[in-house]
Amino acid sequence: MRTHWVMDYETMVNLFVAVFQDYVSKETHIFKIHSSLNNDIKPLIKFLKRNKSLKEKHISFNGLSFDSQITEFILKESDNLIKMDQEDIVAEIYAVAQKTIELSNSGEFSKYPEWKLSIDQIDVFKINHWDNRAKRTSLKWAQFSIDWPNLQDMPIHHTTKVTTKVEIDMITKYCINDVESTKKILHLSKPLVNVRRNIKEKYGLDCMNYSNTRLGSQLLLGLYCQATERDKNEVKELRTYRSGIHIKDILFDYISFQTAPFQSFLEKLKDKTIYNTKSDFKFNLKFKGYDFHYGAGGIHQCITPGKYYADDNLIIKDLDVASLYPSIACVNNMSPAHLGDEFFQVYKHDIVDIRLAEKQKPKDQRDMAIIEGFKEAANASYGNSNSEYSWLYDSQYTMQTTINGQLLLSMLVEDLLINIPESVLLQTNTDGATLQFDKKYIDVYNQICKAWEEKTKLVLEFADYSAMYIWDVNNYISVYTNGATKCKGRFEWEDLENHKYTHLHKNKSHLIVAKTIYNYFVNGIDPEKYLKEHKNIYDFCAGVKIKGEWTFYKSAIEAGKHVYEPLQKTLRYYISNKGCKILKTHNHDKREIQVEAGRWEQTIFNNYIEKPFEDYNINYDYYLGNIKKEIETLEPNVQQLSLF
């Protein structure tokens, strides 16, 4: 029976270790080649050739850029490698590994592109788009995110010669740990894998290792070329370059305002020309005491920090524009200039409309390849239209979408604030707004929203909140009237706790703080009680990573002596009553920065140790202090809490 293998290689100056584990079972194959102690080259080649002939896949973390390159070299040079002694074999593999790393570090393409590889790859690093600068994630950081028990860097530097069986076993154990954690990440990323498999079956797009962005762009390209009978390679070279974008030329003619502040703002925009799409559109506007901030990424506004409730008279109504950016393009017949009106026809009728129809089917009849794949295709037109590397590039399309979107939302907000007396605008954020007002005005609210939908041809979606706990526009907790909650920013704990694949690149440090604050406001649980009863040590942990010309050091007094020793590049720790100080030290000028400033000591917890919870010796004062700061932001005049 065909299987697939989660795998990893360790390439050292005189040692090569390969570990393969079945992606379903625990079946594991280990191959070692050492300059004098091991030579598994023949069974390794036999195993790889079997993978190739049976069309078994290799599953890895960043394997496209590294491990697959080693595999391809071994397969292509198998006849020569078998004739060599083990010292020469490992030297050859090491040289290829270093050259591969050199190419990657310099931003050059790998020697063997994916389409030339003998064994198909599933690269969880690529699928999750962790090679993107904003989401850059190493395997060690992903291990921290999933609460992996063993968070370990390579125990021996690759340039150090391995001389003993104990050292070989240590490196093998390390490699197995990486394989098993990659396997866990694969299972968490299964929704991404399934969508890509379904799209390949339905549309013939070999997209397994595409990021969502690339997936959407390539699917859109295929559908566009199919509908227009244009050549893909020709279309991929097209771009529209502009020396400047005059805002007056891209505004929708039905945009208008009722009050002087907004009218003046609109006239000011009409005189503006954009040369840099990332920085030239930045404005502030004050209306009825609210500060609106406009920028390339969207509109933002937020009420002062506080607790806001619905009651017998007041309601909190949240609205969002459904699929704002794709919808704006559809209802306004927008296309990148070089793609013509045909693009709009394909975009609306072959993607957006079909996806919407699919979503309206019963859940058990929905085609997820269409729903998820077409979602990315719909988003691709806006996201890629501002990238010179994309066939969709036309920055005017980008700015027409985002500027009009912000103004359309401003029209709605202005209308609501004018016509609903004593209403309170809690937030405005990119594609929606949240308003607190007297329920007797609900008909007025609905009429205004309906009129706006008719004018703009956009669709609004609504939610009702019983409470909002707001720190700022990016950090808040909302409670729906049905009891469900929505947490954002530093209070977004649930997806982090459940290791959702969309959140593995984020920082879940000291998750206990967010969980305690959530339970205090939402469930009325005393913070000290919640902390003392919580028994998940991982929630008390923080993660830190280092790069560049810096090194982590441990500074501690042990057995009466001062210990100062280097640590690995990714650390997990918690705040304890007794422990060490973790220092970040510059390699050249020897500047030192405490990872946790002040008197707080840390216990390094890279390796999980199970013991009675009180023996972890957690310093609860540290966590309670951080919780206090967050609570006092919303309750500055509250009576002293028992825990404080």
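Relevant structure appears above.
Quick caveat: nothing in here was measured; it's all calculated off a predicted structure. (Residues numbered from 1 in each chain as written. Predicted model: local features only at pLDDT ≥ 70, side-chain atom pairs only at ≥ 80, totals over all residues. Heavy atoms only, no water.)

Some details on the side chain of Lys515
In step 1: Secondary-structure assignment places Lys515 in helix α19 (residues 511-523).
In step 2: Overall, Lys515 belongs to the buried group, its relative accessible area being 4%.
In step 3: With residues up to four places along the chain from it excluded, the contact list for Lys515 reads Trp493, Glu497, Tyr530, His534 and Asp539. (Helix = DSSP H or I, 4+ residues; strand = E, 2+ residues; numbered from the N terminus. Buried < 20%, exposed > 50% of the residue type's maximum accessible area, 1.4 Å probe, protein only. Contact = heavy atoms within 4.5 Å.)

As for a positive patch on the surface
In step 1: Together, Lys359, Lys363, Arg366, Lys375 and Lys500 make up a positively charged patch on the protein surface.
In step 2: Inspection of the secondary structure puts Lys375 in helix α15 (residues 368-384).
In step 3: Take Lys375: its relative accessible area is 35%, and that puts it in the partly exposed class. (Patch = residues over 30% accessible without salt bridge, like charges linked within 9 Å, V, L, I, M, F, W, Y side chains within 5 Å. Areas by Shrake-Rupley, 256 points an atom, 1.4 Å probe, with all protein chains shown as cover. Salt bridge = Lys/Arg side-chain N within 4 Å of Asp/Glu carboxyl O. Lys, Arg positive; Asp, Glu negative; His and termini not counted. Charge placed at Lys NZ, Arg CZ, Asp CG, Glu CD.)

Topic: the pairing of strand β12 (residues 314-321)
For a regular strand, the rule is simple: side chains alternate between the two faces of the sheet.
In step 1: Most of β12 sits out of view: six of its eight residues are buried.
In step 2: With seven bridges joining them, β12 and strand β14 (residues 432-438) adopt antiparallel strand pairing. Residue pairing in the sheet places Lys317 in a bridge with Leu435 of β14.
In step 3: Here β12 pairs with strand β15 (residues 460-472) via six bridges, running antiparallel. Bridge assignment links Leu319 to a residue of β15, and that residue is Phe462. (Pairing = 2+ DSSP bridges.)

As for α19
In step 1: Compared with an ideal rise of 1.5 Å per residue, which puts 13 residues at 18 Å, α19 spans 17 Å between its outermost C-alpha atoms and is within 8% of the ideal.
In step 2: All of the buried residues along α19 are Leu511, Ile512, Val513, Ala514, Lys515, Thr516, Ile517, Tyr518, Asn519, Tyr520 and Phe521.
In step 3: Positive backbone phi, at 70°, marks Gly524, one or two positions downstream of α19. (Expected span 1.5 Å × (residues − 1).)

Some points on the pattern of salt bridges
In step 1: Taken as a whole and assessed by the stated rule, the structure comprises 27 salt bridges.
In step 2: One salt bridge in this structure joins Arg50 and Glu56, with 3.6 Å as the shortest N-O distance.
In step 3: For the salt bridge of Lys200 with Asp206, the shortest nitrogen-to-oxygen distance reads 3.7 Å.
In step 4: Given a relative accessible area of 48%, Asp206 falls into the partly exposed group.
In step 5: One connected set of salt bridges, linked through shared partners, spans Lys32, Lys165 and Asp169.

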